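Observations on the three-dimensional arrangement
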Amino acid sequence: MQQGQVLPTILVVEDDPLIRGLVEEALADGGFGTVIVSSGEEAIVLLKGETNDYRALVTDINLSGPVDGWDIARVGREIDAAFPIVYMTGAAGDEWPSKGVPGSILLAKPFAPAQLVTALSQLLNAGTPTG
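Presented here is a report on the structure given in the accompanying data block.

For the protein, the count of helices and strands is five helices and five strands. Along the protein, helices (α) and strands (β) appear in the sequence β-α-β-α-β-α-β-α-β-α when read from the amino end. Its C-alpha atoms give the protein principal-axis dimensions of about 40 × 40 × 25 Å. When burial is assessed residue by residue, the protein has 40% of its 131 residues classed as buried.

Below, the structure is given as structure tokens:
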């Protein structure tokens, strides 16, 4: 990477410290910067913030607290209809067709770090619809 080049920043929401570390390492290896939070409430505050320059959202679905990954993704899509979303889950995958936002990707835990980088790259390279 050239000096001064800015990494695309991915907002990551995961309440398990071990998985947070694995996701952060995988994204760093894939050439992404990360902002990592452990609660849905924190994520929504960041998404609605004035300096929201996140390129995508990677979120666990089942989080401790009242806000889950489905809620965070909906907020992201209210702000930007083409906002790339990757869901991670160990148990809620069967709800994805009804609760997931269109054009998102679901990764079932455990997944290989390369799968996460590939999923994000697919969504980011798809570009935004014109018009």
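Read on, since the account is not over.
Our focus in this paragraph is the nonpolar core. Among the nonpolar cores identified, the biggest contains 20 residues, and Leu-11, Val-13, Leu-47, Leu-57, Ile-72, Ile-85 and Tyr-87 are the most heavily contacted of them. Of all the secondary-structure elements, those providing two or more residues to this core are strand S1 (9-13), helix H2 (40-48), strand S3 (54-60), helix H3 (69-79) and strand S4 (85-89). If one sorts the elements of this core by residue count, H3 sits on top with four residues. In contact with Ile-72, not counting residues within four places along its chain, are Val-13, Gly-40, Ala-43, Ile-44, Leu-47, Leu-57, Thr-59, Leu-63 and Val-67. The next biggest cluster of nonpolar side chains, apart from the first, holds 18 residues, and it includes Ile-10, Ile-105, Phe-111 and Leu-124.

Attention shifts here to the sheet that holds S1. Sheet architecture is open: five strands sit in the order S2-S1-S3-S4-S5, paired in parallel fashion. Each of the sheet's edge strands pairs with one partner strand only, and the pair in question is strand S2 (33-37) and strand S5 (105-108). For this sheet, the mean angle separating the axes of adjacent strands, direction not counted, is 20°. Bridge analysis of S1 against S2 gives five bridges, and the strand direction is parallel. If you follow Thr-9 over to S2, its bridge partner there is Gly-33. Strands S1, S2 and S4 of the sheet are contacted by helix H1 (residues 17-29), whose axis makes an angle of about 165° with S2.

Take the side chain of Thr-59 next. With respect to the helices and strands, the residue Thr-59 is situated in strand S3. Accessibility expressed as a relative area gives 0% for Thr-59, which makes it buried.

Basis of the calculations
- Residues numbered from 1 in each chain as written.
- Predicted model: local features only at pLDDT ≥ 70, side-chain atom pairs only at ≥ 80, totals over all residues.
- Heavy atoms only, no water.
- Helix = DSSP H or I, 4+ residues; strand = E, 2+ residues; numbered from the N terminus.
- Buried < 20%, exposed > 50% of the residue type's maximum accessible area, 1.4 Å probe, protein only.
- Core = buried A, V, L, I, M, F, W, Y, C linked by side-chain atoms within 4.5 Å.
- Contact = heavy atoms within 4.5 Å.
- Pairing = 2+ DSSP bridges.
- Axes fitted to C-alpha atoms, helices over the stretch in contact; angles between N-to-C directions.

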